[in-house]
Structure formats: structure tokens, C-alpha cells
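# An overview of the molecular structure
Each chain is listed here by its residues.
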Amino acid sequence: MKVLVAEDSRYYQKVLQDTLNSWGYTVVMANNGIEALEKLSEEDGPKLAIIDWVMPHVDGLEVCQKIREMVNRGYIYLILLTVNASKEDVVRGLEAGADDYIIKPFNEMELKFRLKTGERIINLEDQIMQLALTDPLTGLLNRRAFIDRLESEINRYQRLEESLSLIMVDLDDFKKVNDNYGHLVGDEVLKGVAKCFSSILRKYDFIGRYGGEEFVICLPGVKIKQAGEIAERLRIGMKELIVNKETEPLKLNVTASFGVSTLGEDAFNVHTLTKKADEALYVAKTRGKDQVVLSENY
Ligand SMILES: [Mg+2]
């Protein structure tokens, strides 16, 4: 785990660096409060921080306050490092937003276990975030998480003036699977499809479970023709799907219909891009299912 150390004394920098490294942490060093704020506000920045109180320009208290005002970052666990050991000072530190404090010169074991506490909180937050963002059955992004990610990808690809495509997938006659084989088998089919799609897609593509038997896939950097080819691979790929009913393997020949859209003049945000893909998907259904339709081609 990465730990940010904000410390202006060379001596304490070295001591903390060596100690934390020996416990297996990766240290991100900041020489002052300004550097600390920069490094902590990075998207992939440390989530655990040891902040010296007394530093020039921006001190540790201000770092704590500023971090707590940030909104676009997950929780950061802040340990304030201080020589100010009076009750009033401790209260001021906690009031500024520190989670914990350590008094200099510090006891190694105390630091070790206070860091462990922080690590537990951060891991817990990760788990909660994970639960909030994923569909429990398939492990894919849930609808809301997918939309959020799609929105930021659309903004990014529009800035880069590059293309991005979307595939909407709806399993054909899925109700029959549930009716004929039961919901447990239905669930196995959904899990199997999710796994099959994940194995075919590239690692920077992402998939969401959009609704009951509906999936949605974002293909960054891909134009409509290539997106259609990828959808075709997914359509063929899922024909091999085998699910287990109790101990007996079942080949159910589940098919799906695919609608594909790409960023362009009439598809420029989440709403219009999904609407275009949805319309194409509807055309695929009316043309007899088990096929791919591109939003340009109808
Ligand atoms: Mg200092």
C-alpha cells in the first residue's frame, strides 16, 4: 500500500522512509504541504498519509482541512505527526480533519499499529465501493456505475477527438430459459454470458449489466465498423456457452441481439449514444433476433 509522508525535516524523512519500507509500504514523499496536496489529489494517489504538523507555507493542519474539502477522491486516512502534545493541540488536529495523531519523537510500534488501523479503514472503504459499483450476480459494473464511467469516457474521447462505440445486448427469449429450466439455470446463463464477453473483449473495454438480461459494452477508441465486428465475435462466442444444471452440463443455444452506436453528430452524450444503440437493438429484434445491427445501417 502507498503511504504519503509529508515532512520537511530531512532527518524524519529518512527515518520514516526506512521504517515504512521495512514494513512493506511504498512511500510517496512530499517535502511540504503544497506537494502533499498535489500528490494526494491525484486520481491514483495514496489513501494513507502521515502529515507533519509544522511545515513552511502550508502546514499539516491546513493539509488536513483541504483534503476534507476535496470531493472527487475516495477517503484518505490522515495521521498527523506533531510535537504539540497538549490536549488543546490534539483537539485542533482532529478538528482540522486528522483521523489520528502521533507525537514526535514517535514510538515505532505505535506508528506501526496506527498505520494498520488506517489500512483497515481504507480496505473497508474499498470493499464498500466495490459492492456499490458491481452487480452481485455477474461481477460486472452495475447500471449506475457503468453510466458514470461511460460519461467520463465520452468526455475524454471527445476531448481527444477520437471515437468510442457502445454495444447494447439483449438475450433472446430469456424468459423461456427461466420458465423451462428455472431461475438458477437462468442465473448461470447470465454469469456465463458475462464471462464469455469478458474473455473476448480487450482489457480497456468495459461491460455493465444494464437490466435483467440486458448487457452494455463500451469500446473506447473503436469506430462503428470495428465495433460491429466485435459484436459479431460476441454473438458467435456465446453460442458455445455451456451451463451446469446440478451435475449435468447443458447446451442451451441461448442467442442475443446486438445494437451498436458510435460517438458522432447525433450521438454525443450518454443519453443519445444509448438511445441510438437501443434503437439498433430493437431493429435486430424485429429482423429476427440473433444478429448485430449498426445504428447507421437501417
Ligand atoms: Mg516539520
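No experiment lies behind these values; they were computed from the predicted model shown.

Parameters and conventions
- Residues numbered from 1 in each chain as written.
- Predicted model: local features only at pLDDT ≥ 70, side-chain atom pairs only at ≥ 80, totals over all residues.
- Helix = DSSP H or I, 4+ residues; strand = E, 2+ residues; numbered from the N terminus.
- Rg over C-alpha atoms; globule rule 2.2 N^0.38 Å.
- Buried ≥ 20, exposed ≤ 12 C-beta atoms within 10 Å, placed from the backbone.
- Contact = placed C-beta atoms within 7 Å.
- Core = buried A, V, L, I, M, F, W, Y, C linked by C-beta atoms within 7 Å.
- Domains from an automatic or database assignment.
- Pairing = 2+ DSSP bridges.
- Axes fitted to C-alpha atoms, helices over the stretch in contact; angles between N-to-C directions.

A few words on the overall build of the protein chain. Per the secondary structure count, the protein chain includes 10 helices and 12 strands. Compactness check: the protein chain gives a C-alpha radius of gyration of 26 Å against a globular reference of 19 Å for 298 residues, more than 25% above the reference. Dimensions of the protein chain, computed from C-alpha atoms along their principal axes, come out at roughly 75 × 50 × 30 Å. Going through the 298 residues of the protein chain one by one, you find that 34% of them count as buried. By sequence separation, contacts in the protein chain at least 24 residues apart represent 63% of the contacts at least 6 residues apart.

Turning our eyes to something else, we now look at the nonpolar core. Across soluble globular proteins, nonpolar side chains show a tendency to be buried alongside one another. Ile-167, Ile-217, Phe-258 and Val-260 are the most contacted members of the largest nonpolar core, which has 46 residues in total. The element best represented in this core is strand β6 (residues 164–171), accounting for 6 residues. Apart from residues no more than four positions distant in its own chain, Val-260 is found in contact with Ser-165, Ile-167, Ile-224, Ala-227, Gly-228, Ala-231, Ala-277, Ala-280, Val-292, Leu-294 and Ser-295. Counting residues in each nonpolar core, the second largest holds 30 residues, with Ala-6, Leu-20, Met-55 and Ile-79 among its members.

Annotation of the protein chain at the domain level lists domain 1 (2–131) and domain 2 (143–294). Just the C-alpha atoms count here: the centres of domain 1 and domain 2 sit 43 Å apart.

In this section: the sheet that holds strand β8 (residues 214–220). The 5 strands are arranged β7-β8-β6-β11-β12 in an open sheet whose pairing can be described as mixed. For this open sheet the edge positions go to β7 (206–209) and β12 (292–294), each flanked by a neighbour on one side alone. Each strand of the sheet is rotated relative to its neighbour by a mean of 20°, with strand direction disregarded. Taken together, the 7 bridges between β6 and β8 define a ladder with antiparallel strand orientation. Within β8, the residue paired with Ile-167 across the bridge is Ile-217. Helix α10 (residues 270–286) rests against β6, β11 (256–262) and β12 of the sheet, and its axis sits at about 145° to β11.

With that out of the way, let us pick up the environment of Phe-106. Inspection of the secondary structure puts Phe-106 in the loop between β5 (100–103) and α5 (108–133). On the basis of neighbour count, Phe-106 is assigned to the partly exposed category, with 18 C-beta atoms found within 10 Å. Measuring from C-alpha to C-alpha, the distance between Phe-106 and Leu-81 comes to 8.6 Å, with 25 residues separating the pair along the chain.

What follows is about unusual backbone geometry. With the exception of glycine, the majority of residues adopt a negative phi angle, and the majority of peptide bonds are in the trans configuration. Across the junction of Lys-104 and Pro-105, the peptide omega takes the value -10°, indicating a cis bond. Locating Pro-105 in the fold gives a position in the loop between β5 and α5. A positive phi angle is found at Asp-173, which is not glycine, with a value near 50°. By the element assignment, Asp-173 lies in the loop between β6 and α7 (174–181). In this structure, Asn-253 takes a positive phi of about 50° despite not being glycine. Here Asn-253 lies in the loop between β10 (248–251) and β11.

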